[in-house]
Amino acid sequence: MRTGCAWRYLPIGFPPWQAVYSHFQGWTRRGVTDRILTELREQARLAHDRQPQPTAGIIDSQSVRAADTVHSTPAATTVGRRSTVVNGSS
């Protein structure tokens with residue numbers, strides 16, 4: 001959702017960008033986009049003979065530091081590269 005095209009650059013044949021954006025905002029407020037993404041992720045995992053929900057995740061401190069959604073503070077800036085594995089239940 002963050003890396004798609006700008007609303008004003010929607011292909012010809014779509015309604016005006018304001019109308020598409022309004023529908024998208026409504027879906028987001030009602031959680032529709034989250035449910036769609038969850039369903040697609042689960043289907044992709046099942047297609048690869050995996051459980052629908054992941055049982056572990058990896059957080060790479062280099063990626064977290066580089067993410068534009070993470071606020072940077074001096075305490076959050078570390079030298080070197082660390083990885084943390086977060087285990088879930090299955």
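A quick note: this is a predicted structure, and the numbers were derived from the prediction, not measured.

Concerning a nonpolar patch on the surface
- Side chains of Ile 36, Leu 37 and Leu 40 sit close together on the surface and give an oily, nonpolar patch of about 270 Å² of accessible area.
- Within the element layout of this structure, Leu 37 appears in helix 2 (residues 32-47).

A word on the side chain of Arg 45
- Within the element layout of this structure, Arg 45 appears in helix 2.
- Look at Arg 45: it is buried, it has no salt bridge, and the nearest opposite charge is Glu 42 at 8.1 Å.
- Discounting chain neighbours no more than four positions away, the residues touching Arg 45 are Arg 50, Gln 51, Pro 52, Gln 53 and Pro 54.

A closer look at the packing of aromatic side chains
- Applying the stated rule across the entire model yields two aromatic pairs.
- On the basis of an interplanar angle of 75° and a centroid distance of 5.3 Å, the ring pair of Trp 7 and Tyr 21 is categorised as edge-to-face. Separated by 14 residues along the polypeptide, Trp 7 in the segment before helix 1 (17-30) and Tyr 21 in helix 1 bring together distant segments of the chain.
- Among the residues examined, Tyr 21 registers a relative accessible area of 32% and is labelled partly exposed.
- With a centroid separation of 5.2 Å and 50° between ring planes, the pair formed by Trp 7 and Phe 24 is classed as tilted. One end of the pair, Trp 7, is in the segment before helix 1; the other, Phe 24, is in helix 1, with 17 residues separating them in the sequence.
- Using a relative accessible area of 28% as the deciding quantity, one classes Trp 7 as partly exposed.

A few points about helix 2
- Its 16 residues give helix 2 an end-to-end C-alpha distance of 22 Å, which sits within 8% of 22 Å, the value for a rise of 1.5 Å per residue.
- Every buried residue of helix 2 is listed here: Val 32, Thr 33, Glu 42 and Arg 45.
- Contact partners of the buried residues in helix 2: helix 1.
- Directly beyond the C-terminal end of helix 2, a positive phi value near 55° is found at Asp 49.

A closer look at unusual backbone geometry
- Of note, the phi angle at Asp 49 is positive, near 55°, even though the residue is not glycine.
- Mapped onto the secondary structure, Asp 49 falls in the loop between helix 2 and strand 1 (56-60).

Considering helix 1
- With 14 residues, helix 1 extends 20 Å from end C-alpha to end C-alpha; this agrees with the ideal 20 Å at 1.5 Å per step.
- Along helix 1, the residues classified as buried are Val 20, Phe 24 and Gly 26. Viewed along the axis of helix 1, the buried residues span an arc of 160°, placing them on a single side of the element.
- Buried residues belonging to helix 1 abut helix 2.
- Two residues or fewer past helix 1, Gly 31 is found with a positive phi of approximately 80°.

Cut-offs and rules
Residues numbered from 1 in each chain as written. Predicted model: local features only at pLDDT ≥ 70, side-chain atom pairs only at ≥ 80, totals over all residues. Heavy atoms only, no water. Patch = residues over 30% accessible without salt bridge, like charges linked within 9 Å, V, L, I, M, F, W, Y side chains within 5 Å. Areas by Shrake-Rupley, 256 points an atom, 1.4 Å probe, with all protein chains shown as cover. Salt bridge = Lys/Arg side-chain N within 4 Å of Asp/Glu carboxyl O. Helix = DSSP H or I, 4+ residues; strand = E, 2+ residues; numbered from the N terminus. Buried < 20%, exposed > 50% of the residue type's maximum accessible area, 1.4 Å probe, protein only. Lys, Arg positive; Asp, Glu negative; His and termini not counted. Contact = heavy atoms within 4.5 Å. Phe/Tyr/Trp six-rings, centres within 6.5 Å; stacked < 30°, edge-to-face > 60°. Expected span 1.5 Å × (residues − 1). Arc of directions from axis to C-beta.

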